[in-house]
Amino acid sequence: MSIERRPDDHTPGQHRRLEVDEESVRKSLAGLVLTIVELLRQLMERQALRRVDQGGVSDEQIEKLGLTLMALEKNMEELREHFGLTEDDLNLDLGPLGPLLPRD
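J.: If you had to explain the overall build of the protein chain to someone new, which residues and values would you point to?
T.: Secondary structure summary: the protein chain contains 3 helices and 2 strands in total. Across the protein chain, helices and strands are ordered from the amino to the carboxyl terminus as β-β-α-α-α. Looking at the protein chain as a whole, 17% of its 104 residues are labelled buried. As presented, the protein chain carries roughly 8,200 Å² of accessible surface, and 55% of it is formed by carbon and sulfur atoms.

Shown next as structure tokens:
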């Protein structure tokens, strides 16, 4: 996000004026929302794989799960492209904990 401060706009007792780049704010907000959606998508995928590994899931259900997960991944790719974001843009660095979205 790009914020500029204009020193000439500030006099004692007045609020400082910030210039905010609307496109940068839009892209940052989209990135945050898509990061959350991608995290949930990955969690759903792991849960589905766990259910399949534990058994009790029919072949038809496995097929539906696979198609649904592929469609979700494709939709995420389209949304990233629409907002000009990459997978790395969505992967927040949590410092010593590592990245938020581990890539398998």
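J.: Account for the pattern of salt bridges, with residues named and values stated.
T.: Taken as a whole and judged by the stated rule, the model has 6 salt bridges. For the salt bridge of arginine 80 with glutamate 87, the shortest nitrogen-to-oxygen distance reads 3.7 Å. When its relative accessible area of 11% is taken as the criterion, arginine 80 is described as buried. Look at the salt bridges and you will find they share partners, linking Glu38, Arg41 and Glu45 into a network.

J.: So what's going on with helix α1 (residues 22-54)? Residues and values would help.
T.: Taking 1.5 Å of rise per residue, the 33 residues of α1 would be expected to cover 48 Å, and the 48 Å separating its terminal C-alpha atoms lies within 8% of that figure. Within the sequence span of α1, burial applies to Ser24, Ala30, Gly31, Leu34, Thr35, Glu38, Arg41, Gln42 and Ala48. Packing partners of the buried residues in α1 comprise α2 (59-83) and α3 (87-90). Looking one or two residues beyond α1, the residue adopting positive phi is glycine 55, at roughly 85°.

J.: Any details on α2? Residues and values, ideally.
T.: When the terminal C-alpha atoms of α2 are compared, their 36 Å separation across 25 residues agrees well with the 36 Å that a helix rising 1.5 Å per residue should span. Buried residues of α2: Leu69, Met76 and Arg80, and no others. Each element contacted by the buried residues of α2 is listed here: α1 and α3.

J.: So what about the nonpolar core? Which residues, and what values?
T.: Within soluble globular proteins, side chains that are nonpolar tend to cluster in buried spots. By size, the foremost hydrophobic cluster in this structure holds 5 residues: Leu34, Met76, Leu85, Leu90 and Leu101. With sequence-adjacent residues up to four places away left out, leucine 101 is seen in contact with Thr35, Glu38, Leu39, Gln42, Leu90 and Asn91.

Thresholds applied
Residues numbered from 1 in each chain as written. Predicted model: local features only at pLDDT ≥ 70, side-chain atom pairs only at ≥ 80, totals over all residues. Heavy atoms only, no water. Helix = DSSP H or I, 4+ residues; strand = E, 2+ residues; numbered from the N terminus. Buried < 20%, exposed > 50% of the residue type's maximum accessible area, 1.4 Å probe, protein only. Areas by Shrake-Rupley, 256 points an atom, 1.4 Å probe, with all protein chains shown as cover. Salt bridge = Lys/Arg side-chain N within 4 Å of Asp/Glu carboxyl O. Expected span 1.5 Å × (residues − 1). Contact = heavy atoms within 4.5 Å. Core = buried A, V, L, I, M, F, W, Y, C linked by side-chain atoms within 4.5 Å.

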